[in-house]
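Observations on chain architecture
Listed here are the chains, written in short residue letters.
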Amino acid sequence: DVKVTQSSRYLVKRTGEKVFLECVQDMDHENMFWYRQDPGLGLRLIYFSYDVKMKEKGDIPEGYSVSREKKERFSLILESASTNQTSMYLCASSSWPENYGYTFGSGTRLTVV
Amino acid sequence: AQKVTQAQTEISVVEKEDVTLDCVYETRDTTYYLFWYKQPPSGELVFLIRRNSFDEQNEISGRYSWNFQKSTSSFNFTITASQVVDSAVYFCALSEGGNYGGSQGNLIFGKGTKLSVKP
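Residues numbered from 1 in each chain as written. Chains lettered and ligands numbered in written order. Predicted model: local features only at pLDDT ≥ 70, side-chain atom pairs only at ≥ 80, totals over all residues. Heavy atoms only, no water.

1. Observations concerning the overall build of chain A
Secondary structure summary: chain A contains zero helices and twelve strands in total. Computed over C-alpha atoms, the radius of gyration of chain A comes to 13 Å, within 12% of the 13 Å expected from 2.2 N^0.38 for 113 residues, which places it in the range of a compact globule. A principal-axis box enclosing the C-alpha atoms of chain A has dimensions of 40 × 25 × 25 Å. Sorting the 113 residues of chain A into buried and exposed places 50% on the buried side. Partitioning the intrachain contacts of chain A with sequence separation of at least 6 by distance along the chain shows that 55% fall at a separation of at least 24. Both charge centroids of chain A, one from 15 positive and one from 15 negative side chains, sit 7 Å from each other. (Helix = DSSP H or I, 4+ residues; strand = E, 2+ residues; numbered from the N terminus. Rg over C-alpha atoms; globule rule 2.2 N^0.38 Å. Buried < 20%, exposed > 50% of the residue type's maximum accessible area, 1.4 Å probe, protein only. Contact = heavy atoms within 4.5 Å. Lys, Arg positive; Asp, Glu negative; His and termini not counted. Charge placed at Lys NZ, Arg CZ, Asp CG, Glu CD.)

Next comes the structure, spelled out in structure tokens:
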């Protein structure tokens, strides 16, 4: 079964810490995405990548960066975590041009205290 | 610009009732794709259906059916004889087709409809 795996299900970090959220997919997909999900706001795109070492800003990139050194791995980095980054983070991957939609990971619920 | 609107924030029904979740989209493209995802309380988003803009046939899968109408830019989702296990947040999403460099297949999500099915 195809999979997108996020390394942590729950994470608690302190304000100011550097936080790494890892995502790995085994489907050889070109595209990978990071979203955050907040009540009443739905899913908002943070960053995406359509190839190794390529990255594009989404709708809310401020306070985040990403890294894609290998095709199967896409990391989201919070350079200095803040309480307003407490959220559910969802990773997804997709292929193009088949565009069968995204396959999502199970999410990481991050709490910044 | 692309946009997906799910006007119903929350819906509550009693088991065995039929329920329709509305989705209205905006796009300037003639080639696009529409999706529905389900997010149960466990949190993972589960793919339900994909539709391309050239295929307006309605689809039925068990108790689920989808009504795609380009004339009204709608892609509504109906659950027949709802069950408690259908309780979840449901998202409608849109991606545009074409050969964009670097933005292939980006999904724009609606804000979701929370469905509660009570026994």
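2. Here we look at the confidence of the model for chain B
Confidence in the prediction of chain B, expressed as mean pLDDT, is 89, and 92% of residues score 70 or more. In this model, residues 99–103 of chain B is a region of pLDDT below 50 whose contacts with residues beyond four sequence positions or in other chains number six contacts. (pLDDT = per-residue confidence, 0-100.)

3. Side note on the environment of Arg 36 of chain A
Residues and elements named next belong to chain A. Along the polypeptide, Arg 36 turns up in strand β5 (residues 31–38). On the basis of relative accessible area, Arg 36 is assigned to the buried category, the value being 7%. Separated by 51 residues in the primary sequence, Arg 36 and Ser 87 have C-alpha atoms spaced 6.5 Å apart. The contact partners of Arg 36, leaving out residues within four places of it in the chain, are Gly 42, Leu 43, Arg 44, Ile 46, Ile 60, Tyr 64, Asn 84, Gln 85, Thr 86, Ser 87, Met 88 and Tyr 89. One polar contact links Arg 36 to Tyr 64, side chain to side chain, over a distance of 2.9 Å. (Polar contact = N/O pair within 3.5 Å; in protein donor to acceptor, adjacent residues only side chain to side chain.)

4. Some details on the nonpolar core
One finds Trp 36, Phe 77, Tyr 90 and Leu 115 of chain B to be the most contacted residues of the largest nonpolar core, which totals 23 residues. Elements that contribute at least two residues to this core include exactly β2 (10–14), β3 (19–21), β5 (32–39), β8 (64–69), β9 (74–79), β10 (88–96) and β12 (113–118) of chain B. Considering every element that reaches this core, the biggest residue donor is β10 of chain B, with four residues. Residue contacts for Tyr 90 of chain B: discarding those within four places in its chain leaves Gln 6, Leu 21, Trp 36, Tyr 37, Lys 38, Leu 48, Tyr 64, Phe 77, Ile 79, Gly 112, Thr 113 and Leu 115 of chain B. Counting residues in each nonpolar core, the second largest holds 21 residues, with Leu 11, Leu 21, Met 32 and Cys 91 of chain A among its members. (Core = buried A, V, L, I, M, F, W, Y, C linked by side-chain atoms within 4.5 Å.)

5. Observations regarding the packing of aromatic side chains
The description of an aromatic ring pair rests on the distance of the ring centres and on the angle between the ring planes. All chains considered together, the criterion is met by 23 aromatic pairs over all chains. Considering the side-chain rings of Tyr 35 of chain A and Phe 104 of chain A, the 6.4 Å spacing of their centres and the 50 degrees angle between planes classify their relative orientation as tilted. Separated by 69 residues along the polypeptide, Tyr 35 of chain A in strand β5 and Phe 104 of chain A in strand β11 (residues 103–104) bring together distant segments of the chain. Judged by its relative accessible area of 2%, Phe 104 of chain A is buried. Joined through ring pairs, the aromatic side chains of Phe 33, Tyr 35, Phe 48, Tyr 102 and Phe 104 of chain A together with Phe 35, Tyr 37, Phe 47, Phe 91 and Phe 109 of chain B make up one cluster. One cation-aromatic arrangement involves Arg 9 of chain A over Tyr 10 of chain A; the distance from NZ or CZ to the ring centre is 5.7 Å. (Phe/Tyr/Trp six-rings, centres within 6.5 Å; stacked < 30°, edge-to-face > 60°. Lys NZ or Arg CZ within 6 Å of the ring centre and 35° of its normal.)

6. Description of the state of the cysteines
For the structure on display, the rule yields two disulfides over all chains. Here Cys 23 of chain A connects covalently by a disulfide to Cys 91 of chain A, the sulfurs 1.9 Å from one another. With the S-S dihedral at roughly -80 degrees, the linkage between Cys 23 of chain A and Cys 91 of chain A falls on the left-handed side. Taken together, the positions of Cys 23 of chain A in strand β4 (residues 23–25) and Cys 91 of chain A in strand β10 (residues 87–94) put the pair 68 residues apart, joining distant regions of the chain. Taking relative accessible area as the criterion, Cys 23 of chain A reaches 0% and is therefore assigned buried. Judged by its relative accessible area of 0%, Cys 91 of chain A is buried. Paired through a disulfide, Cys 23 of chain B and Cys 92 of chain B show a sulfur-sulfur distance of 1.9 Å. For the disulfide bridge between Cys 23 of chain B and Cys 92 of chain B, the dihedral angle about the S-S bond is near -65 degrees, and by the sign convention the bridge is left-handed. In this pair, Cys 23 of chain B is assigned in the loop between β3 and β4 (24–26) and Cys 92 of chain B in strand β10, connecting sequence segments 69 residues apart. (Disulfide = S-S within 2.5 Å.)

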